[in-house]
Amino acid sequence: MIELKNVSVTYKNGVDALNDVSLKINDGEFAFVVGESGAGKSTLIRLLTREVRADDRADVKSVIKVNGFDLIKMKQRDVHKLRRTIGFVFQNFMLIDSMTVYDNVAFVLRCIDAPTKYIRKRVPQVIGLLGLQEKINRYPGELSGGEQQRVALARALVNNPQLIIADEPTGNLDPRTSVEIVKLLKEINDRGTTVLMVTHEHELVKRMGGRLINIRKGEISFDDRI
Amino acid sequence: MRLSGAGYLIKQGVRNILNNNIASVATFCVLTVSLLIVGFTGLFSLNINTFISGVEDKNEVVIFLADDADEEYIEELGNKLRADENISEVIFWSKEEALDGIKADMNDAEDIFGYIDENPLPDAYRIKIKDITRMSSTLYAINSYSHIEKVKAPYDFVNILTGLKSAITAVSILILISLALVSFVMISNITRASVETRHREIAIMKFVGATDSFIKIPFFIEGLVLGIMAGVVASLLTFAGYDRLIALLSTETTLFAAMGSSGFIPLESFMWQLAAIYVGIGAVLASIGTVASVKKHVKV
């Protein structure tokens, strides 16, 4: 679950990226976040992953809770615990070119010191779920954009996260593949994982439907189901 | 951390060395050269100091006693001098021995001594100082004893030696610290380039919840292995070059010729300690230098 109350973010250069934002996304929900460039979408994501911190205001009590973690009180040394409950999908896939599909997915589990036996069992399972069995020993450079994004999805899923944050996951894909990726995210959501997808493709959002959060000039200007 | 996790991190560290071969070779070369300069500066300083200490041992202070000092007092003074921890040798030199010495030196003028009824020379103690840097305080204490006529000490000689020793030590320390800093900065800059290429890998690690230490350990291992390798190679080069350098210096330079090849510290007496220091300094400099270059990427 994501809960934000009266949250503002001002960068060191004085830019007000988020202004008194309040938002609640329940467990198992699927929400699209849309908005123009510079509206505050990226700041919202960076806030949820604790890359940036909310303004410390004496007059207002801010609340940021993600997957049971209180991000206002959280110490820097505990940030990794929060991130282990989130799966990330990026616009540019963020795969490691020198690793095979298997190793890219296994990398997540190795980073959190999972047992080798579990890695050997879990990784092929997730790769299979995303329909990439045939490509398991291929390198990212040998895959299409859609396939690379599916590898990124497998990587996001492999650790059984409570929440998946997809930041413009269809930005580098053609319309057909984009729909395919969003459908995969919906399937993941149907199995109980909360999904927060940032996009600027309004057409795609209209086509898929669901909860839409529109951010404009650092404020939530629309939040409802479409 | 699990054993398999530790194994994975060690493998990653070694893999990094092979994947970033240009940066690895550059780090290795910088370290080896720095260690060699540090080693030879240290050895130069040690040899000079050993040589000076040898010369120091030849120092002698003569304490002339007043005529009214009786035998009992002379013995008591001897015991006091022997009890002083900065005096290594105490020899009583009676007035008769002193006169015999002069007579022996002037054996062609023994007639002169026929005119002397009474021995005019004083009794004396000849002492050797252990640490000449503390000579002044030792002599100050001796001067405070009664029945002391005069204390004759090689002050100029001592001042030159202690000055030389301090200067050499200070220059050596300065060189060692400067080289350590230069090596550290160079290694950090060299590895920074390879860290930049792995920026994506580090970013992914941060996003999936790797701890800072998990991210740093492969870089630490990479630096550690390179540092140990540089330490071993620097040791081998020093072992191979030290005796040849001594032979060359003994024949080609005035100062070292004065020391003679036997005046140098023999290689066998320090080789393992030197190898341990080389490996230790190499490992510490390289591992910390490498980890320092990752620091900014980890702060996400």
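Preceding block: the structure.
Colleague: Account for the overall build of chain B, with residues named and values stated.
Modeller: When helices and strands are counted, chain B shows 11 helices and 4 strands. Expressed as a percentage of contacts within chain B between residues at least 6 apart in sequence, the contacts between residues at least 24 apart total 88%.

Colleague: Can you tell me about the overall build of chain A, naming the residues and giving the values?
Modeller: A count of helical and extended segments in chain A gives 7 helices and 10 strands. Taken across its 226 residues, chain A has 44% of its residues classed as buried. For chain A, contacts bridging at least 24 residues in sequence account for 67% of all contacts bridging at least 6.

Colleague: Hey, could you go over the interface of chain A and chain B for me, with residue numbers and the actual values?
Modeller: Contact residues are listed per partner, giving 15 residues for chain A and 16 residues for chain B. If you list the elements that add at least two residues to the side of chain A that touches chain B, you get α2 (79-83) and α3 (101-111) of chain A. For the side of chain A that touches chain B, the leading source of residues is α3 of chain A, giving 4 residues. Looking at the side of chain A that touches chain B residue by residue, the class counts come to 8 nonpolar, 2 polar and 5 charged.

Colleague: Explain the packing of α3 of chain A against helix α4 (residues 116-129) of chain A to me, using residue names and the numbers behind them.
Modeller: All names here are of chain A. Here α3 crosses α4 at 125°, and the two axes come no closer than 10 Å. Accordingly, the angle class assigned to the pair α3 and α4 is oblique. Here α3 and α4 pass one another in a crossing that is right-handed. Contact residues: α3 offers Val101, Tyr102, Val105, Ala106, Leu109 and Arg110, while α4 offers Ile119, Arg122, Val123, Val126 and Ile127. Partitioned by chemical class, the residues of the contact of α3 with α4 number 9 nonpolar, no polar and 2 charged.

Colleague: Describe the pairing of strand β2 (residues 16-25) of chain A, with residues and values.
Modeller: All names here are of chain A. With 6 bridges joining them, strand β1 (residues 2-10) and β2 adopt antiparallel strand pairing. The partner of isoleucine 2 across the bridge, within β2, is isoleucine 25. Adjacent in sequence and paired antiparallel, β1 and β2 are bridged by 5 residues, among which glycine 14 carries a positive phi angle near 95°.

Colleague: Before we move on, can you summarise the environment of tyrosine 242 of chain B with the specific residues and values?
Modeller: For tyrosine 242 of chain B, the position within the fold is in helix α9 (residues 212-252). For the pair tyrosine 242 of chain B and leucine 43 of chain B, spaced 199 residues apart in sequence, the C-alpha to C-alpha distance is 9.2 Å.

Colleague: If you had to explain the sheet that holds strand β6 (residues 86-90) of chain A to someone new, which residues and values would you point to?
Modeller: Residues and elements named next belong to chain A. Strand order in this open sheet of 6 strands is β6-β7-β8-β3-β9-β10, and the pairing throughout is mixed. Sheet topology places β6 and β10 (219-225) at the edges, where each strand pairs with a single neighbour. Ignoring strand direction, the axes of neighbouring strands in this sheet form an average angle of 15°. Across 4 bridges, the pairing between strand β3 (residues 30-34) and strand β8 (residues 194-198) is parallel. Residue pairing across strands places phenylalanine 30 opposite valine 195, the latter belonging to β8.

Colleague: So what's going on with the pairing of β8 of chain A? Which residues, and what values?
Modeller: Each regular strand displays side chains that alternate between the two surfaces of the sheet. All names here are of chain A. In terms of burial, β8 is largely enclosed, as 5 of its 5 residues are buried. The alternating pattern of β8 places Thr194, Leu196 and Val198 and Val195 and Met197 on opposite faces, both of which are buried. Of the strand pairs in this sheet, strand β7 (residues 163-167) and β8 are connected by 5 bridges, and their pairing is parallel. Paired with aspartate 167 across the two strands is valine 198, which belongs to β8.

Conventions we followed
Residues numbered from 1 in each chain as written. Chains lettered and ligands numbered in written order. Predicted model: local features only at pLDDT ≥ 70, side-chain atom pairs only at ≥ 80, totals over all residues. Helix = DSSP H or I, 4+ residues; strand = E, 2+ residues; numbered from the N terminus. Contact = placed C-beta atoms within 7 Å. Buried ≥ 20, exposed ≤ 12 C-beta atoms within 10 Å, placed from the backbone. Nonpolar A, V, L, I, M, F, W, Y, C, P; charged D, E, K, R; others polar. Axes fitted to C-alpha atoms, helices over the stretch in contact; angles between N-to-C directions. Parallel < 35°, antiparallel > 145°, perpendicular 65-115°, else oblique. Left-handed = near helix turned anticlockwise from the far one by under 90°. Pairing = 2+ DSSP bridges.

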